[in-house]
Structures are given as structure tokens and as C-alpha cells.
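A closer look at the structure
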Amino acid sequence: MEDNKYTLSKSFQQFFESEKASGIILIFCTIVSLIIANSQLGAGYLHFWHVYIAGLSIEHWVNDALMAIFFLLIGLELKRELYNGELSNFKNALLPIVAAIGGVCLPALIHFSLNAGTATQAGIGIPMATDIAFALGALALLGNRVPASLKIFLAALAVMDDLAAIIVIAVFYTAKLSLIYLFGAAFMFVALSVLNRVFRIMALTPYLIGGAIMWFCMLQSGIHATIAGVLLAFAIPFSSINDDEKSPSYKLEHILHKPVAFMILPIFALANTGILISSNWTHELASENSLGITGGLIMGKPIGITLLSFIAVAIGVCKLPAGLNWKHIFGAGLLGGIGFTMSIFITNLAFTGNANEITASKIAVLLASLSAGILGYLWLRFLANK
């Protein structure tokens, strides 16, 4: 099926290849972390991540500081999509936006239906997320067997999915709130925006220094510190000229791609997948929380994405991109069920202090993400073009 109307930009191709390589490394790091955690070195390995440095554990530094850089990159990618990418044209953006809504709401509804009113209700956000690196990495394995428009659709869907996850983190996973520090973070964001919009300061240094201050204020405010990364992304100047290498936002995005893909996300995987597999781990998979996670990721994602997209197209709100059919959309929905990074991240926030529930949830996330990835690959490989 031809889809010549879609030509992948240089930026998108670099982004796509980066995410593909990152997904492979994440798989390797996850396997290594699981093996070490369940070996004779396990106790020392797990203890290492809980060593305190400057008032925070190493795991805390990874999840709050390094992941703020990851969220900064996500924000920059979202900003690029809004200015120059698939989301810059409202008509083109509408289908992945609608799909993302379906892919967020149905998994959350599945988890909520099983856990409403229980101690594990807080896990409702876990199956809502999509891991961009793994989803695009799985799609990249298919090469030219899938249309270029599907790669763009899935990337836009995953970015919108992450935006929804960021909003969920900010609104629902906030600890006790400090208004003074929250005001300080807001003031810094406004100040950086003024540097951009009013004074047109194009040097990156003032924004990075201000971003570090904003991160500290956000950390102390009770709202998760990684939100500062997203806010910083939208404060940094961006040129609307496609691939303008003079744009600070463009330069920073390209500076961050490799460190995030090959350092930050692998370290996150090592820090958060050191899971001790107990003898009753299969029993935990039958818990309401685990069923909500697996059901949300494996079934909720593809059904929600496909169903809401179908309704939107049927009533004429939007249309399918050139070269795509509904089998492609369902396959993208299956790959959207690869939660991994974002799902594990939300797990840590949802069950803070409850080590057993965190472990059970992570096992469910890993198995569901693996299943979704395999099913998505096989579906697109053998069924989507028939």
C-alpha cells in the first residue's frame, strides 16, 4: 500500500533511530538488573540504590533528578511536534489526540473497576502510560513492512500519552503541598518565559540555571520534581523554522537525545527493575491491582485507541492518514500497551512505602509490556497488511 504523501523529516528519523536503539539497551539493562537482584549479589545491589547522597538516596536522585532531564526531552519533543511536527496541523493532530484519549481512559477504567475503594486504587495511572522508546523500537523492527504514516501516528500518540501521564502525575500523585516552594517554582517559570518572550534571550545557560532552581523548588513543593523538566522545555526559545539549528530548543533536544537514550533511561531501568522474584509471584499476578495493570495495558490500550479512533472517523471528526487501515491502528494500540518506563515511574509514586505492592506492580508491568510488544509486532508483521 502506497503512502508517498508522508516523508519523514531528518529530525523525526534521528528521533526514531534513537528510540529504537534505546529500546534494545533498556531490554538488556532490565534483564541484567533482574538477574543480579535474584543472585547472591542481590542484597548488595539493592542496597546500593538506597545509599544516601546529599539528603537523597541514589534511587531518589535517579527518579527525581535524572528523570527530570528525561521529561525535559519529552517536553522538547512535544513542543517540536506542536510547532513543526504531526501535531502542528490540527486536522492531522486530531486522530492521535483522540486515540491517546481512548488509550488513557479505557485502561484507567479497567483498573478502577477492579480496584475502586481499595488500597490499590492509587495504581489507576499505571496502565495509562506508553513507553516511547520500546513502542517505536518494536515498530522499527518491522522496517518497511509498515507505512511511514504509522510511525508518525504512533510517535504522536506516544507523545500525547506521555503528556497525559505528566498531567496525572502533577494532579493525582502530589504529596503534601508547600505553597511557598510552589510559588517559587511558578515565579521561576514566569521569569524564564519573560527572558524568552520579552527579552528574546537565546543563550541556553540562563534557562538551564533557572531550570535547576525551578527543579529544587518543585522538589520541595510536594509536586513531583520531574514536572520542572516539562515546564523548562516550554520556557526555552523555539524557532518555528523546521530544523533550525540556531534554535536553543532544537540544539538542546539534539544534545539530550543520546545521553537520555543511552545513559539516563538505562540507569533508570537498572535502578527500578531490581525486583526480587518471590516464590508466590504468580499468585500476585491474580490480584486486582495486577489484573488491572495487565488488563489495562494488553486489552485497554488497543481497544481504547482503536474504538475512539473509529468513532471519530465514523462521525467525520478526523480521517485515517494515507496508507493506514484499521488493522494498523489496532497494531499501534497493541504497541501502546508497552508501558515500561512511565508505568514503572508511576508505580513508584502510587505505592510509596509499600515495597510489596511496588514489586508486584512492576512484575505486572514487565509481563504486560512484554506481551503487548510481542502481540503488536506479530499483529503488524503478519496480519495488518492482509
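Use the structure listed above.
Along each chain, numbering runs from 1 in the same order as the chain's sequence is written. Where totals are concerned, whole chains, interfaces and linings use all residues; where local detail is concerned, this predicted model gives features only for residues with pLDDT of at least 70, and gives and counts side-chain atom pairs only at 80 or more. Each side-chain value is worked out from all heavy atoms of the structure, with water and hydrogens disregarded.

1. A few points about the pattern of salt bridges
For the record, the criterion: Criterion for a salt bridge: a side-chain nitrogen of Lys or Arg within 4 Å of a carboxyl oxygen of Asp or Glu. Secondary structure elements are defined from DSSP: runs of H or I of at least 4 residues count as helices, runs of E of at least 2 residues count as strands, and each element is numbered from the N terminus. Using a 1.4 Å probe on the protein chains alone, a residue whose accessible area is under 20% of its type maximum counts as buried, one over 50% counts as exposed, and one in between counts as partly exposed.
Considering all chains together, one arrives at two salt bridges under this definition. Here Glu-253 ties to Arg-80 by a salt bridge, and the two come within 2.8 Å at their closest N and O atoms. Highlighted residues: Glu-253 in helix H10 (residues 248-272) and Arg-80 in helix H3 (residues 58-83), separated in sequence by 173 residues. Arg-80 matches Glu-253 in its accessibility class, with the two residues each being buried. For Lys-301, the salt bridge is made with Asp-161, and the minimal N-O distance between the two is 2.8 Å. Note that Lys-301 is positioned in helix H12 (residues 288-314) and Asp-161 in helix H6 (residues 148-172), a separation of 140 residues in sequence. On the accessibility criterion, Lys-301 (0% relative accessible area) is buried.

2. Some remarks on the state of the cysteines
A covalent bond bridging the sulfur atoms of two cysteines is what the word disulfide describes. Definition in use: Whenever a pair of cysteine sulfur atoms sits within 2.5 Å, that pair is classed as a disulfide.
Going through the model one piece at a time under the given rule, you end up with zero disulfides. Sulfur of Cys-105: no disulfide; nearest cysteine sulfur belongs to Cys-318 and is 15 Å away.

3. Thoughts on the environment of Ala-364
Note the cut-off: Working rule for contacts: check all heavy atoms of both residues, and any pair within 4.5 Å makes them a contact.
Along the chain, the position of Ala-364 falls in helix H15 (residues 355-382). Among the residues examined, Ala-364 registers a relative accessible area of 0% and is labelled buried. The sequence separation of Ala-364 and Lys-151 amounts to 213 residues, and the corresponding C-alpha distance is 27 Å. The residues contacting Ala-364, other than those within four sequence positions of it, are Leu-285, Ser-290, Ile-293 and Thr-294.

4. Considerations on the packing of H3 against H6
Where we set the bar: To get an axis, a line is fitted to the C-alpha atoms, and for a helix only the part in contact is used. The angle between two axes follows their N-to-C directions and goes from 0 to 180 degrees. Oblique is the label for every angle not falling under 35 degrees (roughly parallel), over 145 degrees (roughly antiparallel), or within 65 to 115 degrees (roughly perpendicular). Left-handed describes a crossing whose near helix is turned anticlockwise from the far helix by less than a right angle; the clockwise case is right-handed. Side-chain classes are defined by residue name, with Ala, Val, Leu, Ile, Met, Phe, Trp, Tyr, Cys and Pro counting as nonpolar, Asp, Glu, Lys and Arg as charged, and the others, Gly among them, as polar.
Two numbers describe how H3 lies on H6: the axes approach to 10 Å, and their chain directions differ by 130°. As the angle between them shows, H3 and H6 are arranged oblique. Two packed elements cross with a definite hand, and for H3 against H6 that hand is left-handed. Two secondary-structure elements touch here, H3 through Phe-71, Ile-74 and Leu-78 and H6 through Val-159, Met-160, Asp-162, Leu-163, Ile-166 and Ile-169. Residues belonging to the contact of H3 with H6 are distributed by class as follows: eight nonpolar, no polar and one charged.

5. A look at the packing of aromatic side chains
In plain terms, the rule: For Phe, Tyr and Trp, rings pair up if their centres lie within 6.5 Å, where Trp contributes its six-membered ring, and each pair is then called stacked (planes under 30 degrees apart), edge-to-face (over 60) or tilted (otherwise).
If you walk through the whole model with that rule in mind, you get 11 aromatic pairs. With a centroid separation of 6.1 Å and 20° between ring planes, the pair formed by Trp-61 and Trp-215 is classed as stacked. Remark: Trp-215 occurs in helix H8 (residues 205-221) and Trp-61 occurs in helix H3; sequence separation between them is 154 residues. An aromatic cluster of three or more residues is present, and its members are Phe-70, Phe-71, Phe-268 and Phe-345.

6. Let's talk about the nonpolar core
One recurring pattern in soluble globular proteins is that nonpolar side chains are buried together. To keep it simple, the criterion reads: The nonpolar core is taken to be a set of buried Ala, Val, Leu, Ile, Met, Phe, Trp, Tyr and Cys residues, with the residues joined through side-chain atoms within 4.5 Å.
Ranked by size, the top nonpolar core spans 108 residues in total, and within it Phe-70, Phe-71 and Phe-153 carry the most contacts. When residues of this core are assigned to their parent elements, the largest contribution, 13 residues, is made by H6.

7. A look at helix H5 (residues 132-140)
What counts, and what does not: The term polar contact refers here to a pair of N or O atoms within 3.5 Å; inside protein, the definition further demands a hydrogen-donor-capable atom paired with an acceptor-capable atom, and it admits residues adjacent in sequence only when both atoms are side-chain atoms.
For H5, the tally of buried residues reaches nine of nine residues, placing the bulk of the element in the interior. A distance of 2.9 Å separates the backbone nitrogen of Phe-134 from a side-chain oxygen at the start of H5, and that oxygen is part of Asp-131.

8. Some words on a nonpolar patch on the surface
Our working rule: Distance thresholds for patches are 9 Å for like charges and 5 Å for nonpolar side chains (Val, Leu, Ile, Met, Phe, Trp, Tyr), applied to residues having over 30% relative accessible area and no salt bridge. Using a 1.4 Å probe, the Shrake-Rupley method yields the accessible areas, and only the shown protein chains count as cover for residues.
A grouping of Ile-101, Met-299, Ile-303, Leu-307, Leu-308, Phe-310, Ile-311, Ile-315 and Val-317 is seen on the molecular surface, where their side chains present a nonpolar patch of about 800 Å² in accessible area. A total of six residues in the nonpolar patch trace back to one element, the largest contributor, which is H12. With respect to the secondary-structure elements, Leu-308 resides in helix H12.

9. Some thoughts on the packing of helix H4 (residues 90-115) against H12
In the contact formed by H4 and H12, the axes pass within 6 Å of each other and the chain directions differ by 145°. Here H4 runs over H12; the crossing is right-handed. Considered class by class, the residues forming the contact of H4 with H12 number 16 nonpolar, 11 polar and two charged.

10. Concerning the environment of Gly-103
Of note, Gly-103 is situated in helix H4. It is 17 Å that separates the C-alpha atoms of Gly-103 and Ile-169, two residues lying 66 residues apart in sequence. Discounting chain neighbours no more than four positions away, the residues touching Gly-103 are Met-128, Lys-301, Gly-304 and Ile-305.

11. Details of the side chain of Thr-273
Tracing the chain through its elements places Thr-273 in the loop between H10 and helix H11 (281-284). Side-chain polar atoms of Thr-273 contact the side chain of Ser-33, separated by 3.3 Å. Only 2.4 Å separates the side chain of Thr-273 from the backbone oxygen of Ala-269, close enough to count as a polar contact. Leaving out residues up to four positions away in the same chain, Thr-273 has contacts with Cys-29, Thr-30, Ser-33, Leu-34, Phe-340, Ile-344 and Leu-366.

12. Considering unusual backbone geometry
A negative phi angle characterises most non-glycine residues, just as the trans form characterises most peptide bonds. Residue Ala-54 is not a glycine yet carries a positive backbone phi of 55°. The topology assignment puts Ala-54 in the loop between strand S1 (52-53) and strand S2 (56-57). A positive phi angle, close to 30°, is found at Phe-340, a residue other than glycine. Tracing the sequence through the fold places Phe-340 in helix H14 (residues 340-350). Take Phe-340: its relative accessible area is 3%, and that puts it in the buried class.

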